Amino acid sequence: MNLAAFQSAISQKLHFQFQDIVGMDGQPQNWFEMLYRPQNLMGHPNTEHFFHSLSTQQKVDLDIQIFEQIPDIQEAHPLDRLSVNLMPISLLSDAFKNRFIGLIDAGLIDPSHLCIEIVEIHSMPPLCSSSIELLKYFREYGGLVALDDFGSGFAHWELLQMGLIDVIKVANQNLSYRNVTAGFTLGLASFAHAMGINTVLEGVENHIDYEKGLKQGFKNFQGWYFNE
């Protein structure tokens, strides 16, 4: 995607879809994930090619725009928790870090009602000290940090080892390789439990997915099964 196409895609107000994250009883918890969908890809089954096509600077610029809209969304829809995806490269950007801290310090974003989801399918070099401090600062004010699509990409083990991860999100549809991954997803749930980390099984499309996740020990669930 060239710069002109990118600017055209985000020149208007960004468009989002929202998914419930429900508990083990299948009931809403007033916890939603905010999913960015480019206008020309609304309803498209796979938007990942859009994000992969962006340059580093475009990814950072997009994340800044998304996070700048969080105050309006939190004001319009008071939630116990709003989850927002963050491309890992943005954690290395001074422009993003400064803007995010500014939003918190100005009282425009309340971390205690926010969960940052670091997207695992995007690679990321080791975080610098200022990036680590940003995550610590966010968590000190009640923010949660999640690893999204855990097990399907570049696992950021250093964040787990430093105790900076509160939630592991496992993508059910990405772990169905040849229908032999039940042990793998069970292992991820057990790993998170041993680490004292909360879990969310994503991509729950039907009752069978939901029942399987319950048996494997997941604590929370997300998918269009709960948002038809």
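Look a little higher up for the structure.
What this report covers is the structure whose coordinates are included nearby. (Residues numbered from 1 in each chain as written. Predicted model: local features only at pLDDT ≥ 70, side-chain atom pairs only at ≥ 80, totals over all residues. Heavy atoms only, no water.)

1. Focus on the pattern of salt bridges
Here is the rule: Each reported salt bridge corresponds to a side-chain nitrogen of Lys or Arg within 4 Å of a carboxyl oxygen of Asp or Glu. Helix and strand assignments follow DSSP, with helices taken as H or I runs no shorter than four residues and strands as E runs no shorter than two, numbered in order from the N terminus. Burial status follows relative accessibility: with a 1.4 Å probe on protein chains alone, a residue under 20% of its type maximum counts as buried, one over 50% as exposed, and anything between as partly exposed.
Here the structure, examined in full by the defined rule, presents seven salt bridges. For Asp 94, the salt bridge identified is with Lys 97, shortest N-O distance 3.5 Å. Pair noted here: Asp 94 and Lys 97 are both in helix H5 (residues 94-105), with a separation of three residues, about one helical turn. Across the salt bridge formed by Lys 136 and Glu 133, the nearest N and O atoms sit 3.9 Å from each other. Of this pair, Lys 136 and Glu 133 both sit in helix H6 (residues 129-140), three residues apart, which is roughly one turn of the helix. Using a relative accessible area of 37% as the deciding quantity, one classes Lys 136 as partly exposed. Relative accessible area serves as the criterion here: at 45%, Glu 133 is assigned to the partly exposed category. In the salt-bridge network here, residues are joined through shared partners; they are Glu 33, Glu 117, Lys 169 and Glu 202.

2. Considering the packing of helix H3 (residues 56-68) against H5
This is how the line gets drawn: Angular values range over 0 to 180 degrees, each being the angle between N-to-C directions of two axes fitted as lines to C-alpha atoms, with helices fitted over their stretch in contact. Geometric relationships in this document are graded by angle, where less than 35 degrees denotes roughly parallel, more than 145 denotes roughly antiparallel, 65 to 115 denotes roughly perpendicular, and other angles denote oblique. Only heavy atoms matter for contacts: two residues are in contact if any of them lie within 4.5 Å across the pair. As a working rule, the residues Ala, Val, Leu, Ile, Met, Phe, Trp, Tyr, Cys and Pro are called nonpolar, Asp, Glu, Lys and Arg charged, and the rest polar, with Gly in that last group.
Two numbers describe how H3 lies on H5: the axes approach to 10 Å, and their chain directions differ by 5 degrees. Relative to H5, H3 is oriented roughly parallel. Between H3 and H5, the residues in contact are Val 60, Asp 63, Ile 64, Phe 67 and Glu 68 and Ala 95, Phe 96, Arg 99, Phe 100 and Leu 103, respectively. For the contact of H3 with H5, a count of residues per class yields seven nonpolar, no polar and three charged.

3. Quick word on the environment of Phe 184
For Phe 184, the position within the fold is in helix H8 (residues 182-195). Phe 184 sits in the partly exposed class, given a relative accessible area of 40%.

4. Topic: the sheet that holds strand S8 (residues 220-222)
To keep things clear, this is the line we draw: In this description, strands pair whenever DSSP reports at least two bridges between them.
Reading around the barrel, the eight strands line up as S1-S2-S3-S4-S5-S6-S7-S8 and close back on themselves, with mixed pairing between neighbours. Adjacent strand axes in the sheet meet at a mean angle of 25 degrees, parallel and antiparallel pairs treated alike. Relative to strand S2 (residues 28-36), strand S1 (residues 16-22) runs antiparallel, the two being bridged by six bridges. Bridging from a neighbouring strand, Gln 17 pairs with Leu 35 of S2. Packed onto the sheet, H6 meets strand S4 (114-119) and strand S5 (144-148) and runs at close to 125 degrees relative to S5.

5. Notes on the pairing of strand S3 (residues 81-86)
Both faces of the sheet carry side chains from a regular strand, because those side chains alternate between them. To keep it simple, the criterion reads: Crossovers are described as right-handed under a simple rule: with the strands pointing away from the observer, the path leading from the first strand over the helix to the second runs clockwise.
Of all six residues in S3, five are buried, a share of seventy percent or more. Pairing geometry for S3 and S4, over five bridges, is parallel. Paired with Asn 85 across the two strands is Glu 117, which belongs to S4. Tracing the backbone out of S3, into H5 and back to the parallel element S4 gives a crossover that is right-handed.

None of this, on its own, says anything about what the molecule does.
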